[in-house]
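# Fold and contact review
One letter stands for each residue in the lines below.
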Amino acid sequence: MHSFENILLEKAAANVYCLTVNRPKVLNALNQATLQDLAAALDVVASDQDARVLLVTGSGEKSFVAGADISQMQGLTPLQAKRFGEQALAIFRRFETLDIPVIALVNGFALGGGCELAMSCDFIFAADNAKFGQPEVSLGVTPGFGGTQRLPRLVGRAMAMEMLVSGRMLDANEALQRGLVNHVYPQAELMEQGLKMAAKIAKNGPTAVKFSKELVQRGQDLDLENACAMESDLFGLCFATEEQSEGMQAFLEKRKANF
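Source: prediction; values computed, not measured. (Residues numbered from 1 in each chain as written. Predicted model: local features only at pLDDT ≥ 70, side-chain atom pairs only at ≥ 80, totals over all residues. Heavy atoms only, no water.)

What follows is about the environment of alanine 160. Structurally, alanine 160 can be placed in helix α6 (residues 157-166). According to the relative accessible area criterion, alanine 160 is buried, its value standing at 1%. In this structure alanine 160 touches Leu151, Pro152 and Val155, once residues within four positions along its chain are discounted. (Helix = DSSP H or I, 4+ residues; strand = E, 2+ residues; numbered from the N terminus. Buried < 20%, exposed > 50% of the residue type's maximum accessible area, 1.4 Å probe, protein only. Contact = heavy atoms within 4.5 Å.)

What follows is about the pattern of salt bridges. Tallied over the full model, the rule gives 16 salt bridges. With a shortest N-O distance of 3.5 Å, aspartate 99 and lysine 210 are connected by a salt bridge. One end of the pair, aspartate 99, is in the loop between α3 (78-97) and β6 (102-106); the other, lysine 210, is in helix α9 (residues 206-219), and 111 residues separate them in sequence. Its relative accessible area of 44% is what places aspartate 99 among the partly exposed residues. Between lysine 210 and glutamate 214 there is a salt bridge whose closest N-O contact spans 3.7 Å. Of the two residues, lysine 210 and glutamate 214 are both situated in helix α9; the distance of four residues between them amounts to about one turn of the helix. Where salt bridges share partners, they join Asp99, Lys210, Glu214 and Arg218 into one cluster. (Salt bridge = Lys/Arg side-chain N within 4 Å of Asp/Glu carboxyl O.)

Quick look at the nonpolar core now. As a rule of thumb, soluble globular proteins bury nonpolar side chains together. Residues Leu19, Leu38, Leu54, Phe64, Phe95, Val106 and Phe132 are the most contacted members of the largest nonpolar core, which totals 51 residues. Ranked by the residues each element gives to this core, the list is headed by helix α1 (residues 32-46), at seven residues. Counting residues in hydrophobic clusters, the runner-up holds 14 residues, among them Leu55, Leu105, Leu190 and Ala198. (Core = buried A, V, L, I, M, F, W, Y, C linked by side-chain atoms within 4.5 Å.)

Quick look at the sheet that holds strand β4 (residues 53-58) now. Overall, mixed pairing links the seven strands, which are arranged β1-β2-β3-β4-β6-β8-β11 in an open sheet. Strands at the two margins of the open sheet, each flanked by one partner only, are β1 (2-3) and β11 (183-185). Bridge count between β1 and strand β2 (residues 7-13): two bridges; the pairing is antiparallel. Bridge assignment links histidine 2 to a residue of β2, and that residue is leucine 9. (Pairing = 2+ DSSP bridges.)

Further remarks concern the pairing of strand β3 (residues 16-21). Of all six residues that make up β3, six are buried, and the element is covered over most of its length. Burial along β3 is two-sided: the residues Val16, Cys18 and Thr20 and Tyr17, Leu19 and Val21 are all buried. Once β2 ends, the chain turns through two residues before running back antiparallel as β3. Across six bridges, the pairing between β3 and β4 is parallel. Considered in β4, the bridge of leucine 19 is made with valine 56. Taking the sense of rotation as the criterion, the β-α-β connection linking β3, α1 and β4 turns out right-handed. (Right-handed = clockwise from strand over helix to strand, strands pointing away.)

Spelled out as structure tokens, the structure:
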């Protein structure tokens, strides 16, 4: 367990970290200090060779992250606001470029910056009380932490546009139907299901998992030919690892691989 002021970071299982945004009184809203804690937590996880999966959630039962902290944002100058957005964007991008899969466990509200944080994770499991939205236009601003860019990539242009200009929220089931979340579970089971998935991932070859994530993240905005060329390179590179020889040997010997 590492100590931070606004978040909790703990080992939830041998190779699994759980990061919890921990400001329940303000529904886990993101202020500058919380963003800095997220960055520091990512440093800890990135430097641990044994880490295989990171789970991200919010404390309490009402909210994952209800958004950025409006009280802190209200008085910003244009340049300060731009910097605040850039700081958050850089930190959220680190979830995407982290060597290991990151799963958001969304319990309750994921609005504004909270929706943007969830979308920066590799995929999302939602509790049945989850609510997703980008209501920034009701405050007279656009999303600033990647919402206008990640949402269309996940739910399609027209649906994203509707959400962004109206501010309307999706409940867990509609989010599932729109492809924003992978699974919906009763709230009491959310963490258990996250840990189950983490255990499945942790059983696989870590380099192969890392490369698979990197290929999806880097390849999605390339043209198909260049993206597939990148896949060939990393597929070939897997054959330089002990994991590949162990994995294939285990298959031929009809036993479980030991990575």
